[in-house]
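What follows is the residue order along each chain.
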Amino acid sequence: MSSLHELMVTCESILLPSRLHLLMTLLLRFVVQSDSTSRCKQTTSANSTVLIFGFGLTEQHTNTTMSSEESGMTCHPLACCAQSVFLAASAGLGVICSLEEVQPATEAVVMRCGRYHRTIKEPGCYYNNCFGAEVYRVPTNIMTHTFASESSILDSDGNPLIVAAVCLYKIVNSFRAVIKVENYRQYLDAQGNAILKSVVGRYPYNSESGPSLRHNSGQVNQELKRLLQADVEAAGVHVEAFRITELTYAPVIAAAMLKKQQADAIVSARHIIVEGAVDMSRDALQMVRDRGIVMTQPEATSMVSSLLTVLCSDAEVQPTINLQAPRSSSTA
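Just so it is clear, the structure is predicted and the values come from calculations on it, not from any experiment.

Analysis parameters
Residues numbered from 1 in each chain as written. Predicted model: local features only at pLDDT ≥ 70, side-chain atom pairs only at ≥ 80, totals over all residues. Heavy atoms only, no water. Helix = DSSP H or I, 4+ residues; strand = E, 2+ residues; numbered from the N terminus. Expected span 1.5 Å × (residues − 1). Buried < 20%, exposed > 50% of the residue type's maximum accessible area, 1.4 Å probe, protein only. Arc of directions from axis to C-beta. Polar contact = N/O pair within 3.5 Å; in protein donor to acceptor, adjacent residues only side chain to side chain. Phe/Tyr/Trp six-rings, centres within 6.5 Å; stacked < 30°, edge-to-face > 60°. Contact = heavy atoms within 4.5 Å. Axes fitted to C-alpha atoms, helices over the stretch in contact; angles between N-to-C directions. Parallel < 35°, antiparallel > 145°, perpendicular 65-115°, else oblique. Left-handed = near helix turned anticlockwise from the far one by under 90°. Pairing = 2+ DSSP bridges.

**Description of unusual backbone geometry**
In the Ramachandran plot, A105 falls in the positive-phi region, its phi being about 55° despite a non-glycine side chain. Unusually for a residue other than glycine, C113 sits at a positive phi of about 55°. Looking at the element boundaries, C113 is found in the loop between strand 2 (106-112) and strand 3 (115-120).

Printed below as a string of structure tokens:
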């Protein structure tokens, strides 16, 4: 028995305190007390105190000497071997369960009995008393989150749009990401969708007189990033970028808006063509006058009309020649 008690004290000096060993210790104590009735001669010091794994459990022993003749039982060698193996296994199990491995680009937030204990920021293997402990691992590398609107979003003109965006972010405060919000990914998704709808509703899809979603994407992206950062800062999230990746009309008006865009393009092109044709006709008429060719007003008008017809026509123009002979005056 004395050797068994010495083994317990030795394990206590080697292992770090762990509340997980309480159950193992109580079971071992029961085995020790049961074995005290065996025929093995044992002597323990009076009123000795044994500290069991940092719990302050004490047991009082009196000087007792038992001989094999006084006891009717025999001490089996396998019993002592089983006790030693049981003690070593319980101690090793407690150490293994208390080891925490932290990978690179990861932080571990340790909670003990419902309270914040510490944050492990460096990669490696750490001892963490597993009794009443919860470990939350938070990645600190740059991550992406995609926002795809399930329904159409209205722009400032009331046109339904299909909008998709991507957000690049990383965790800079793992304590806030674990404690301040229930789930930082769901929090980021909810805030990002709300901000995306709000910003898209402030701009028209296309505008020639002011900023629009189509022509001012840089300005829109900066506003998205600024507003999202202000909302997710409480969750320990830093927004690297927030960009719109898809911007199209909803299918219900896509065909009509395509015709409108085509009509706008045709009108704009015609305006440029007519303006150029007028300038070319004026220059041609001026060149004819500068070279001394005298033209009457009807002739100049006919020339300008012919030039405008040729320059503004979509089809290839065929030249025509007037073959009507001049009338001869009759003599009396």
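**Side note on helix 5 (residues 184-200)**
End to end, helix 5 covers 24 Å across 17 residues, agreeing with the expected 24 Å (1.5 Å per residue, within 8%). Within helix 5, burial applies to Y184, L188, G192, I195, L196, V199 and V200. The buried residues of helix 5 occupy one face: seen down the axis, they fall within an arc of 115°. Where helix 5 begins, the side chain of N183 points an oxygen toward the backbone nitrogen of R185, at a separation of 3.0 Å.

**So, the packing of aromatic side chains**
Taken as a whole and assessed by the stated rule, the structure comprises 3 aromatic pairs. Relative to F175, the ring of Y116 lies with its centre 4.9 Å away and its plane at 75°, an arrangement referred to as edge-to-face. Of this pair, Y116 sits in strand 3 while F175 sits in helix 4 (residues 174-180), and the two are 59 residues apart along the sequence. By relative accessible area, which is 40% here, Y116 ends up partly exposed. Exposure remark for F175: the relative accessible area of 28% places this residue in the partly exposed category.

**Some points on the side chain of H145**
Tracing the sequence through the fold places H145 in strand 6 (residues 143-148). Engagement of the side chain of H145 in a polar contact is seen with the side chain of D189, the distance being 2.8 Å. Beyond its immediate stretch of four places on either side in the chain, H145 contacts A165, V166, C167, Y169, R185, L188 and D189.

**A word on the packing of helix 5 against helix 6 (residues 217-232)**
Across the interface, helix 5 lies against helix 6 with an axial gap of 10 Å and an inter-helix angle of 140°. Accordingly, the angle class assigned to the pair helix 5 and helix 6 is oblique. Judged by the twist between their axes, the crossing of helix 5 over helix 6 is right-handed. Seen from helix 5, the contacting residues are Y187, L188, Q191, G192, I195, L196 and V199; seen from helix 6, they are V220, E223, L224, L227, L228, D231 and V232.

**A short note on the pairing of strand 2**
Of all 7 residues making up strand 2, 6 are buried, and the element is well covered by its neighbours. Here 7 bridges tie strand 2 to strand 5 (residues 133-139), and the two strands are oriented antiparallel to one another. The residue of strand 5 that forms the bridge with V109 is Y136. Inspection of the sheet shows strand 2 paired to strand 3 by 5 bridges, in the antiparallel sense. Paired with A108 across the bridge in strand 3 is I120.

**Here's the deal with the sheet that holds strand 2**
Spatial ordering of the open sheet is given by 3-2-5, a layout of 3 strands whose pairing is antiparallel. If you trace the sheet from one side to the other, it starts and ends with strand 3 and strand 5, each paired once. The average angle at which neighbouring strand axes cross in this sheet is 25°, direction not considered.

**Structural notes on the environment of E100**
Along the chain, the position of E100 falls in strand 1 (residues 99-102). For E100, a relative accessible area of 15% puts it in the buried group. Remark: the alpha-carbon pair of E100 and N129, spanning 29 residues in sequence, is separated by 9.4 Å. For E100, the residues in contact, after removing those within four places along its chain, are G124, C125, Y126, N128, V135 and R137.

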